[in-house]
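Next come the chains, spelled out residue by residue.
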Amino acid sequence: MEKKYIIPKFKHMLHGGDYNPDQWQAYPEVLEEDMRLFKLANCNEMSLGIFAWAALEPEEGKFDFSFMDKAMDDIYKAGGRVILATPSAARPQWLAEKYPEVLRCNERFERMSFGRRHNHCYTSPAYREKTAIINTKLAERYKDHPALIAWHISNELSGECYCPLCCQAFRDWLKEKYGTLDNLNHSWWSTFWAHTYTDWNQILPPSPMGETSVHALRIDWRRFVSHQTADFMESEIATVKAITPDIPVTTNMIPGFYNAVDYRRLNKNVDFASQDMYPQWKGRDPDDANVAMYAALQYDTARCFKHKPFLLMESAPGLVNWFQYNKLMRPGVLEQASLQAVAHGADSAQYFQFRKSRGSAEKFHGAVVDHVGDETPRLFREVQQVGKRLAALDEIVGTMADAKIALVHDWSNKWAIDEAQGFQKGDKRVIPTLESFYKPLWKRGIDTDVIGFEDDFSPYSVIIAPMLYTVSEELGEKLKNYVKNGGTLLCTYMTAMVDENDLCHLGGFPGAGLKEVFGIWNEEIDTLYPEDTVPVTADGKTYTAVDYCEVIHARGAEVLATYDGEFYKGMPAATVNSYGSGKAYYLAFRDKGDFTDMMVERLLAEKNIASAFDGALPQGVTAHSRTDGDTTYLFLENFTASEQTLSTALCWTDVESGEKLCGTITLAPHKTVIIKK
Amino acid sequence: MEKKYIIPKFKHMLHGGDYNPDQWQAYPEVLEEDMRLFKLANCNEMSLGIFAWAALEPEEGKFDFSFMDKAMDDIYKAGGRVILATPSAARPQWLAEKYPEVLRCNERFERMSFGRRHNHCYTSPAYREKTAIINTKLAERYKDHPALIAWHISNELSGECYCPLCCQAFRDWLKEKYGTLDNLNHSWWSTFWAHTYTDWNQILPPSPMGETSVHALRIDWRRFVSHQTADFMESEIATVKAITPDIPVTTNMIPGFYNAVDYRRLNKNVDFASQDMYPQWKGRDPDDANVAMYAALQYDTARCFKHKPFLLMESAPGLVNWFQYNKLMRPGVLEQASLQAVAHGADSAQYFQFRKSRGSAEKFHGAVVDHVGDETPRLFREVQQVGKRLAALDEIVGTMADAKIALVHDWSNKWAIDEAQGFQKGDKRVIPTLESFYKPLWKRGIDTDVIGFEDDFSPYSVIIAPMLYTVSEELGEKLKNYVKNGGTLLCTYMTAMVDENDLCHLGGFPGAGLKEVFGIWNEEIDTLYPEDTVPVTADGKTYTAVDYCEVIHARGAEVLATYDGEFYKGMPAATVNSYGSGKAYYLAFRDKGDFTDMMVERLLAEKNIASAFDGALPQGVTAHSRTDGDTTYLFLENFTASEQTLSTALCWTDVESGEKLCGTITLAPHKTVIIKK
Amino acid sequence: MEKKYIIPKFKHMLHGGDYNPDQWQAYPEVLEEDMRLFKLANCNEMSLGIFAWAALEPEEGKFDFSFMDKAMDDIYKAGGRVILATPSAARPQWLAEKYPEVLRCNERFERMSFGRRHNHCYTSPAYREKTAIINTKLAERYKDHPALIAWHISNELSGECYCPLCCQAFRDWLKEKYGTLDNLNHSWWSTFWAHTYTDWNQILPPSPMGETSVHALRIDWRRFVSHQTADFMESEIATVKAITPDIPVTTNMIPGFYNAVDYRRLNKNVDFASQDMYPQWKGRDPDDANVAMYAALQYDTARCFKHKPFLLMESAPGLVNWFQYNKLMRPGVLEQASLQAVAHGADSAQYFQFRKSRGSAEKFHGAVVDHVGDETPRLFREVQQVGKRLAALDEIVGTMADAKIALVHDWSNKWAIDEAQGFQKGDKRVIPTLESFYKPLWKRGIDTDVIGFEDDFSPYSVIIAPMLYTVSEELGEKLKNYVKNGGTLLCTYMTAMVDENDLCHLGGFPGAGLKEVFGIWNEEIDTLYPEDTVPVTADGKTYTAVDYCEVIHARGAEVLATYDGEFYKGMPAATVNSYGSGKAYYLAFRDKGDFTDMMVERLLAEKNIASAFDGALPQGVTAHSRTDGDTTYLFLENFTASEQTLSTALCWTDVESGEKLCGTITLAPHKTVIIKK
């Protein structure tokens, strides 16, 4: 593995975040103080102009870059660099007033009025034209400014629009995809309830005002929305690349596996990925290790979009203001959280925002500089400390995890599962199931990738693809070849029930050729009430099935576990099948965690996959690594509030202090120690 | 009692269900396999064309009957018969596109776009014209086909429309009903809050966009919707009766006392009734006996709409896909459920649907033929078994229960109760209260009718009319005469508070002359919080009042029970009054079940009403009978998962095997034994 | 203190309520019976014409006053007086049909259709013109009628309208308030998310169709709605005052601190205040003392709007019909509830309504005359008893509480808190917090005022202002001077975080100069989950913090309590600071009640504030007083269902019987004894 520098012009860990001097034009003393505090906070980066369109272009065609000129210069003078935003995430009132088409229509097909944050149509030619003009102005003005190191395209792209232009774009996208109405009708199985389309113009997006029942239409709409969002973003990229071809572009993602946009599609044409992160530390789940695990899973996903380091583009230095209950961030947690991102491949710790707004919606969201306006608050000191630590990590910039195991997660697959009637209504817990397979890896300190259907499977000894409901014939073939050539594949209940058009596979599940690979037939699937369980026996131990139990028949596979209750008592609950040079595991039920843990342990042992750290990891402590191929940097992270002592048979070097650490390594509460061999 | 054959052309128990070959036109091998499996499944009937309009008339005025010709012929060749649907339940896209008036307006008066299942205006002349055309085509084409045995008019008629045409039809219906605005204003008590109507055009249906507070308007709207739904259906009946006057017509009802249409009105002009049924076996209530009881209550209601056998038009051979949690159907349950319908008067067991759809909304709903496509699944074998048993029941076709006790249930009465402010908001548990009186009858194996206000009361020794809130002077007179002539009437709290226009009776409750019949005055009614109870004493035993306690005064009646708590301690809680040759019982409170049970037992004893089975019935076992006047056919049904042994002093003959059963009869788990004397 | 007679023409306690003879025009025998029952019920007042517009003006410009002429005469003949309503609270159908602009638009900007109760635009010139005409007609016709004693303007003014006229009126109001868009943009901090307004016409009210995120816009909208509601009412007042300048005007308020209208603004220009009251006696909180306390708090608030006696304009003689569960009113409770209002300053007990409606929405709402139509019901006798007691209280009419302690409650402040993101979402329990400070005063029988920001602070020894989030520089100065001059001020967490425009105070909280007054700096505020608590220690005792814990630093203040848990363990939880001649207390956390109780006791002791009753008050018993400056009238109120005996060192005179009460006073269950020294 070689280092991949995502920001070639600045090979340091970035420390900074969103800065909105446009809010403080009437307070020149504040702007001056900002620069003093920027340095004092050990920052080296600012993200500028994200919501500044109204300030940059107060009237159509009248531009005012004065505040941004000053900010660019001031930041550079203070030793900082700038990631410059295209301001499309919040358009000015005058634009909405003059070109109503830029305002979205809601899912009832009603034109919204101006308001909130995102509320612009991604299809509107007027909006694309206006963003192109302002983006071009920005790029031309700052293309040679020494502070400029990257472009931040728009912000947290999200949402959808049901305007006539979007409806037509959807039809065009469908025409492109299906070619003929016959194909579309077959794929959508529109004969059901006499929904056969006889004219492209009959197609409307799914809406509470009309069609809600055609699953494939709903899934295609989600795919189109992802496409159109990305297409809009790509039109923005084109405007800045035309002028600054060497400045990398990125766009920041909403955390939590944001459901409405396929982030794999969105990241296809950026230079590197950026992830925002707002974990609910000390949340309703009091165990911060679980919170950390979920953040880690998202970071591992973000890293694999481009298989490169990424930026932690936004995080809160203090409380988040939009949870149901917004607790204070506990002492030490900001440092722990910032270094966690770096452990998983971030080359930054950035915040939203540098200075707290005085008014409006987010005036209490944590910021580097609080309303009191100086360096006295506790959290300012915690920001300083993050900056101090990042400054010592230059050698890690550009390195990456080298994972031998991958989890599979696909947006379309989740949409299809959540749409499906049968099983249970609504959320079928796709993401928590992904987490349940990630957890045994995280707690063992195993570096893990999270990949999609189009990724190369060959680097991985083991692939775990839970709830792989949607399997095209092509993907079936790819999985078959992966196993045939020696890979170990683990799938679960609901595997390969539908194809890429949400049509059920005929001839028995799992379809797409996977019955043979797994050596089983899945006859039917039982859905349990939340209060019900079914015992499962394996190797004399008893486990507990919840939610889903498939009634499967072994047709060649070895039975690893059997049901010990219900009318399917004695039938297989988990199997393994040798296929070609590889193995295919099938888990027919959802478990409470211990069976999954046991299975993951078995796979790791079989394939000799181990943590980069040689010692045992106490509860709440994990280890993740980054490497340039030669040196491996290991992050030992303590997510508990107590001191933890780790044993190692080796001697390590503390990356920051250069100190030698042999035999035992002690982690203070919430502390992360970064070592190398 | 004489046998009533609802399908004169085919005097067998029907076994089959919805068949949608239009979904599989591109799969000729599937269509062929369907016929093999039809025979293998012991089916003898298919319901055709229910959602086939788009296939039958792909363009306006262009018809294609080829697939239906083939299906009619194939089914007949396979020994089956066809119930042919008018396809109005799901209109084609082109129809909605060309005639937007066929699309409903929602309760906000907004025109919906095409989608889902039902979404057509029952008033639209265009829709009535187009259905008349396609219905006529179908009738003309198949009028002489030997497979055709009945018409299935539309499907699960439901919903409502707020379009201008419907608003006008509502006004016309009101004009017809009230004659003058003065009458309407008085009935609606519109002086309250100055709502007096001074022009018919001021009237709009109740809507969140306007009027929500005039109860009588809301109840009249529900009545109008029922009328208009039936009127649309009757316009369809006319089209097919014109061509096939001898083919009986029916329409299938949504289960669960579907609230939005008065099913008694809907069934007025069909030849026989049809009931769909989707019990939640092994539901959140783990006792299947309760689930069975609720289904039984619905069957007894359906039978009494026409006082004839009915069809079980739809049921799921496997899981239902629209519950919150969709469990597998347990082994044996399909047979038990199918025979239960027959026990209560169904002359069929029919399924939705024969072959599982490959895509769209209901692709996982249980079907005779699963996606695997052959006879291997367990549930296919269970369908076979149902067919086998039904085939042996020819002699029962056309027979009926001969009930001496009736429950009263009326849709308008329920609407009026649920609308009422006072008591508690929203659902006041009318249906569960009906169930609470049905339960003691069901568990004793008493054949029971469920009737409406217009039924003949004279066949019944006992009439139980719980929560009979709405009583016109005319109904009051009818009840009075029923008691005077020797009938036993049992009513409860809330009796006769309003008249048929939802105007309170003046002069004291119960109104409409019933104070005299019951010999009481109801001064006021206390509503309890769910967590509260009031003790009630009767014959030295203590019972528990919940939800409602009326403070009544005995004015001639004998007191059967008294309150033992609250400020009405010592006042009457239940009474009986001799009136003419009969008796009138009044239960002033809602109980937890044991008081109701005791009262029902008392009534049965007083009037010598007993089960057709002479022995005791264990918990979860019931007995229901059908008779042709001579022979009584008794269904002994075991809804438990254990074997049950019943004692009898008689000798019975097993209808299917001809075997003699004397002394004891053993029921395997989930088994139904059908015997006659 | 001098007596203030709010109704100079009738110096008696009023007993009566809403009377709607327009509903009973077709029942002349009922109208006659009404007068007999009016006298029998010991009533002396009727509120006429509240919903009678449709009867008074059945067609535009055609008037019919016959039923009202008769009612005015009949009531006067029966010894009664009339409060005459302007009928604007429910406009006729014809008015809405002819002038659609009078119908409101909802928050989605959609025009509503006719329906419900309030549904009229307060801005509409047509509506204002039509109300002026009918009001003028009424005033001219009855200006010299001897029965007329006051005007009841409209009814329970409430709701809001988003029509174009209201949107424009909102803009005009904003222009008036802010002068320039620059000022508005700064106050609304509209640079956040590029919301800068560049044209007044870009402004729309907050709406789910557009802007929801600008807090200050939302708060200003609430202020505008309050203004416009009052402005409409004031236009009505002008019409009647022009003709009957000496007849006082009032408008009745919805109980429960109705959130949508600032009642302090609404009452600015009436002659006296009127409060409706519907306590949920025997509610889900089984302790009627808590229910009574909440009612008392509202009465004390209503009295202070004008610092005069007020009318209890509506209450239910029996059950309320719009709770989730509507229990019967228990025996004795009506008398207790009616006298409670009088104890707190009401000069009446009035009901909605005299005779129960026969139909429509409120047909089961308690009334003086029930559907049975005569005097037999229990509740009629209870009404008689209330009338009997009020008739003996002439000497109390016009007297008032003389409170030395005041609570502060402000509508805008509550809106700002509830809007705020951070803390927790939505309801932050402003009213329950006010109650928590009222409770220790109520149970000690301390007369208390509830005041706003513009009231004179000087009469009060102690001012308690919980959650005083919104503090302008001007209010900060006023509070500072109050303390400086010897006042005792108690504030809590969240004090002075924003100014009157919802802009955060810079330089540290509490802002507006209050850091100095309290001698503290509030660094940050922790929000707890509902299941969490933090121990707090004071004087060796442990208390429990819930919901909110501020991390504050004493900067001069004396620490009264410290946190004993969380990362802020050992930091101050409550402080007191001497400032000028006064003291400023700061409670940094929300407690479970015992700490608040202890603090209130401390303040009362420090400032020598005591109850007008000298003896101890048992649990559920309270004492409140009214005085004319010379004689103090003391209401001893027993809200328990048991007899209570009170000890006193004094001799008192029973106001009604003239009896001497020395040493002990016995209160029967639910009884109120009214005594004077």
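For every chain, the first residue of the written sequence is number 1, and numbering continues from 1 onward in sequence order. Chains and ligands are labelled by the order in which they are written, letters from A for the one and numbers from 1 for the other. Confidence filtering applies because this is a predicted model: local features only for residues at pLDDT of at least 70, side-chain atom pairs given and counted only at 80 or more, and all residues used for totals across whole chains, interfaces and linings. Side-chain figures throughout are based on the complete set of non-hydrogen atoms in the structure, without hydrogens or water.

S.K.: Sorry, what's going on with the packing of helix 8 (residues 215-241) of chain A against helix 13 (residues 411-419) of chain A here?
M.R.: Packed helices, taken two at a time, are described by the angle their axes make and the gap between the axes. Residue and element names in this part refer to chain A. All axes are obtained by fitting lines to C-alpha atoms, using only the stretch in contact for helices, and the reported angles, taken between N-to-C directions, cover 0 to 180 degrees. For the purposes of this entry, the term helix denotes a DSSP run of H or I that reaches at least four residues, the term strand denotes a run of E that reaches at least two, and both are numbered from the N terminus. One can describe the packing of helix 8 onto helix 13 by two numbers: an axis separation of 10 Å at closest approach and a directional angle of 150 degrees. Taken as axis vectors, helix 8 and helix 13 run roughly antiparallel relative to one another. Remark: the crossing between helix 8 and helix 13 carries right-handed chirality. Contacts between helix 8 and helix 13 pair His215, Arg218, Ile219, Arg222, Arg223 and Ser226 from the former with Ser412, Trp415, Ala416 and Glu419 from the latter. Under the scheme applied here, ten amino acids are nonpolar (Ala, Val, Leu, Ile, Met, Phe, Trp, Tyr, Cys and Pro), four are charged (Asp, Glu, Lys and Arg), and all others, including Gly, are polar. Looking at side-chain class alone, the contact of helix 8 with helix 13 contains three nonpolar, three polar and four charged residues. Reported orientations rely on four angle classes, namely roughly parallel under 35 degrees, roughly antiparallel over 145, roughly perpendicular from 65 to 115, and oblique for the rest. A clockwise turn of the near helix away from the far one marks a right-handed crossing, whereas an anticlockwise turn of less than a right angle marks a left-handed crossing. The contact rule is simple, with two residues in contact once any of their heavy atoms fall within 4.5 Å.

S.K.: Honestly, the relation of the copies chain A and chain B in this entry has me stumped. Any pointers?
M.R.: Think of it as a corkscrew move, a rotation about one axis and a shift along it, taking one chain copy to the other. Superposing copies: least-squares fit, C-alpha atoms only, residues required to have pLDDT of at least 70 in both. Each copy superposes on the other: chain A lies on chain B with an RMSD of 0.1 Å after a rotation of 120 degrees and an axial shift of 0.0 Å. Accordingly, the operation relating the two chain copies is best matched by a three-fold axis. Residue A:Glu110 of chain A places its C-alpha closer to the rotation axis than any other residue of that unit, at 6.6 Å. Little of the interface of chain A is mirrored in chain B: 3% of its interface residues are interface residues there too.

S.K.: Explanation requested: the pattern of salt bridges in the structure shown.
M.R.: Two side chains carrying opposite charge are able to pair once their charged atoms lie near each other. Criterion for a salt bridge: a side-chain nitrogen of Lys or Arg within 4 Å of a carboxyl oxygen of Asp or Glu. Tallying each qualifying case throughout the model produces 124 salt bridges over all chains. Note that B:Asp449 is salt-bridged to B:Arg303, the shortest N-O span being 2.8 Å. In this pair, B:Asp449 is assigned in strand 11 (residues 448-451) and B:Arg303 in helix 10 (residues 288-306), connecting sequence segments 146 residues apart. Residues C:Glu419 and C:Arg218 are paired through a salt bridge, measuring 2.7 Å at the closest nitrogen-oxygen approach. One end of the pair, C:Glu419, is in helix 13 (residues 411-419); the other, C:Arg218, is in helix 8 (residues 215-241), and 201 residues separate them in sequence. Here C:Arg218 falls in the partly exposed class, since its relative accessible area comes to 26%. In this scheme, a residue with accessible area under 20% of its type's maximum is buried, one over 50% is exposed, and one in between is partly exposed, where area comes from a 1.4 Å probe on protein chains only.

S.K.: Honestly, the environment of A:Leu634 in this entry has me stumped. Any pointers?
M.R.: For A:Leu634, the position within the fold is in strand 22 (residues 632-638). Among residues more than four places away in sequence, those in contact with A:Leu634 are A:Ala612, A:Phe613, A:Ala623, A:His624, A:Ser625, A:Trp652, A:Val673, A:Ile674 and A:Ile675.

S.K.: How should the interface of chain A and chain C be read in this particular structure?
M.R.: Interface size is often expressed as the accessible area that is lost when the parts come together. Contact residues are listed per partner, giving 55 residues for chain A and 59 residues for chain C. Two parts placed together each lose some accessible area under a 1.4 Å probe, and adding up what both lose gives the buried area. For the chain A and chain C pair, buried surface summed over both sides reaches about 5,000 Å², with 55% attributable to carbon and sulfur atoms. A per-residue breakdown of the area chain A buries against chain C is headed by A:Gln93, A:Arg116 and A:Arg358, which together make up 15% of the total. In the analysis that follows, any N or O atom pair within 3.5 Å is treated as a polar contact, provided that within protein one partner can donate a hydrogen and the other can accept it, and provided that, for residues neighboring in sequence, both atoms belong to side chains. Summed over the shared surface of chain A and chain C, the result is 30 residue pairs in polar contact (both at pLDDT 80 or more). Grouping the constituent residues of the side of chain A that touches chain C by class yields 23 nonpolar, 15 polar and 17 charged.

S.K.: I keep staring at the state of the cysteines and nothing clicks. Help me out?
M.R.: Put plainly, a disulfide is one covalent bond tying together the sulfur atoms of two cysteines. Residue and element names in this part refer to chain A. Note that a disulfide, as used here, is simply two cysteine sulfur atoms within 2.5 Å. Applying the stated criterion across every chain, the model contains three disulfides over all chains. For Cys651, the disulfide goes to Cys662, at an S-S distance of 1.8 Å. Measuring handedness by torsion sign, the sulfur bridge of Cys651 and Cys662 sits at about 125 degrees and is right-handed. Remark: Cys662 occurs in strand 24 (residues 660-667) and Cys651 occurs in strand 23 (residues 644-654); sequence separation between them is eleven residues.

S.K.: Honestly, the sheet that holds strand 6 (residues 252-253) of chain C in this entry has me stumped. Any pointers?
M.R.: Strand pairs in the sheet, formed through backbone hydrogen bonds, run parallel or antiparallel to each other. Residues and elements named next belong to chain C. For two strands to be treated as a pair, DSSP must find at least two bridges joining them. An order of 6-7-8 is seen for the three strands of this open sheet, with the pairing classed as parallel. Single-partner strands in this sheet number two, and they are strand 6 and strand 8 (311-314). Note: strand 6 against strand 7 (residues 274-276), two bridges, orientation parallel. Note that in strand 7 the partner of Met253 across the bridge is Gln275. Its contacts with the sheet put helix 10 (residues 288-306) on strand 6, strand 7 and strand 8, and the angle it makes with strand 7 is roughly 160 degrees.

S.K.: Would you take a moment to explain the sheet that holds strand 5 (residues 249-250) of chain C for this structure?
M.R.: Residues and elements named next belong to chain C. Across the sheet, six strands lie side by side as 5-4-3-2-1-9; this open sheet has parallel pairing. Edge positions in the open sheet fall to strand 5 and strand 9 (348-351), since each of these has one partner strand only. Sheet analysis places strand 4 (residues 148-152) next to strand 5, joined by two bridges and oriented parallel. Looking across to strand 5, one finds that Trp151 is bridged to Val249.

S.K.: Explain the relation of the copies chain A and chain C to me, please; I cannot follow it from the model alone.
M.R.: Superposition record for chain A on chain C: RMSD 0.1 Å, screw rotation 120 degrees, translation along axis 0.1 Å. A distinct binding surface is used by each copy, with only 4% of the interface residues of chain A retained as interface residues in chain C.

S.K.: Please explain the side chain of B:His344 as it appears in this structure.
M.R.: All names here are of chain B. As for its placement among the helices and strands, His344 is situated in the loop between helix 11 (333-343) and strand 9 (348-351). In this structure His344 comes out as buried when scored by relative accessible area, which is 2%. In contact with His344, other than residues within four places in its own chain, are Ala296, Tyr299, Asp300, Arg303, Phe310, Tyr438, His624 and Glu637.

S.K.: I tried to follow the interface of chain A and chain B on my own but got confused; where do I start?
M.R.: Between chain A and chain B, the residue contacts involve 59 residues of the former and 55 residues of the latter. Interface area, chain A with chain B, both sides summed: about 5,000 Å², of which 54% is carbon and sulfur. Three residues, A:Trp189, A:Trp193 and A:Tyr529, lead the burial of chain A against chain B; their summed loss comes to 17% of the area buried on that side. On the surface where chain A and chain B come into contact, there are seven salt bridges. In this structure, A:Asp502 and B:Lys363 form a salt bridge, with 2.9 Å as the shortest nitrogen-oxygen distance. Between the two partners, chain A and chain B, sit 30 residue pairs in polar contact (both at pLDDT 80 or more). In terms of residues, the side of chain A that touches chain B owes the most to one element, strand 14 (residues 520-527) of chain A, which gives six residues. Looking at the side of chain A that touches chain B, its residues break down into 28 nonpolar, 18 polar and 13 charged.

Nothing here speaks to function; it is all geometry.
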